[in-house]
Amino acid sequence: AEASYLFANNFNLTTGLQYNQFLNNLAYTNTYADSTAAGLDSVTIPNPNDTTGNPDDTTIYFMTYNYTTSTSIHRQLYNQTAISIPLYFGYTFKINNNWSVDANGGVILSYQQAKQVSSDPQIPDPTIRSFGMKVCIRPQIRYQIADKLGISISTNFGYDLVPGLNWENTTRKRIYSE
């Protein structure tokens, strides 16, 4: 649920309360390449100048190897729940008396909890933060029903500044769209 305040100069302020529940998935793939000695092999090179029947052949010995590759997928899953307060500042472009388009930007501050769904011993557990913050932009189309009442359709595009889950030594640039 959200509420917007429209200033006289077409600027607006929107805030509210949000509840989100989602699955956070960290997955990576490892590919291993290995070789093992399979045995000793040889090649005999005959002497082309031999006319006596007693060849003076040369034998070369070499190791043979078996090469293998294997791929493994590692995955950790966490259920996350967040109660958030969005705070957007924007500008309203009026189309007519009832319709308008808003260009908003701001932050979403959230209290978060996370519960592990599945783990992998190859992945260290993340740091879980109870506070999160996202910056976002939000285009919105609004229909004004009455003087103080309207409905709107919007979407968010943002970036986690303070993610709820943080895996050490992992570069994770999370960009989202809701």
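Residues numbered from 1 in each chain as written. Predicted model: local features only at pLDDT ≥ 70, side-chain atom pairs only at ≥ 80, totals over all residues. Heavy atoms only, no water.

Asks: Describe the overall build of the protein chain, listing the residues and the values that go with them.
Replies: Assigned secondary structure in the protein chain consists of zero helices and eleven strands. Sequence-ordered secondary structure for the protein chain, helices as α and strands as β, is β-β-β-β-β-β-β-β-β-β-β. Taken against the 2.2 N^0.38 rule, which gives 16 Å for 178 residues, the C-alpha radius of gyration of the protein chain at 32 Å runs more than 25% over that of a compact globule. Taken along the three principal axes of its C-alpha coordinates, the protein chain extends 115 × 35 × 20 Å. Pairs at least 24 apart in sequence give 67% of the contacts found in the protein chain among residues at least 6 apart. In the form shown here, the protein chain has an accessible surface area of approximately 12200 Å², with 56% of it arising from carbon and sulfur atoms. Of note, the protein chain has its 11 positive side-chain charges centred 28 Å away from the centre of its 13 negative side-chain charges. (Helix = DSSP H or I, 4+ residues; strand = E, 2+ residues; numbered from the N terminus. Rg over C-alpha atoms; globule rule 2.2 N^0.38 Å. Contact = heavy atoms within 4.5 Å. Areas by Shrake-Rupley, 256 points an atom, 1.4 Å probe, with all protein chains shown as cover. Lys, Arg positive; Asp, Glu negative; His and termini not counted. Charge placed at Lys NZ, Arg CZ, Asp CG, Glu CD.)

Asks: Which residues make up the pattern of salt bridges, and what values go with them?
Replies: Applying the stated rule across the entire model yields two salt bridges. Note that Glu-2 and Arg-138 form a salt bridge whose closest N and O atoms lie 2.8 Å from each other. Separated by 136 residues along the polypeptide, Glu-2 in strand β1 (residues 2-6) and Arg-138 in strand β7 (residues 131-146) bring together distant segments of the chain. (Salt bridge = Lys/Arg side-chain N within 4 Å of Asp/Glu carboxyl O.)

Asks: Account for the packing of aromatic side chains, with residues named and values stated.
Replies: One pass over the structure, following the stated rule, counts five aromatic pairs. For the ring pair Tyr-5 and Phe-7, a centre distance of 4.8 Å and an interplane angle of 80° mean the geometry is edge-to-face. In this structure an aromatic cluster arises from ring pairing among Phe-11, Tyr-91 and Phe-93. (Phe/Tyr/Trp six-rings, centres within 6.5 Å; stacked < 30°, edge-to-face > 60°.)

Asks: Please set out the environment of Ile-151 residue by residue, giving values where relevant.
Replies: Examined against the element boundaries, Ile-151 turns out to sit in strand β8 (residues 149-154). For Ile-151, a relative accessible area of 52% corresponds to the exposed category. Spatially, the C-alpha atoms of Ile-151 and Ala-27 are 39 Å apart, while their sequence positions differ by 124 residues. (Buried < 20%, exposed > 50% of the residue type's maximum accessible area, 1.4 Å probe, protein only.)

Asks: I'd like a rundown of the side chain of Thr-92, residues and numbers included.
Replies: Structurally, Thr-92 can be placed in strand β4 (residues 58-94). A polar side-chain atom of Thr-92 sits 3.0 Å from a polar atom in the side chain of Asp-102. In contact with Thr-92, not counting residues within four places along its chain, are Leu-6, Asn-10, Asn-12, Ser-100, Val-101, Asp-102 and Arg-142. (Polar contact = N/O pair within 3.5 Å; in protein donor to acceptor, adjacent residues only side chain to side chain.)

Asks: Outline a nonpolar patch on the surface, supporting the account with residue identities and numerical values.
Replies: Taken together, the side chains of Phe-93, Ile-95, Trp-99, Val-101, Ile-141, Tyr-143, Ile-145, Leu-149 and Ile-151 present a nonpolar region at the surface, about 860 Å² in accessible area. Elements with a contribution of two residues or more to the nonpolar patch: β5 (99-118), β7 and β8. The element contributing the most residues to the nonpolar patch is β7, with three residues. As for its placement among the helices and strands, Phe-93 is situated in strand β4. We classify Phe-93 as partly exposed; its relative accessible area is 44%. (Patch = residues over 30% accessible without salt bridge, like charges linked within 9 Å, V, L, I, M, F, W, Y side chains within 5 Å.)

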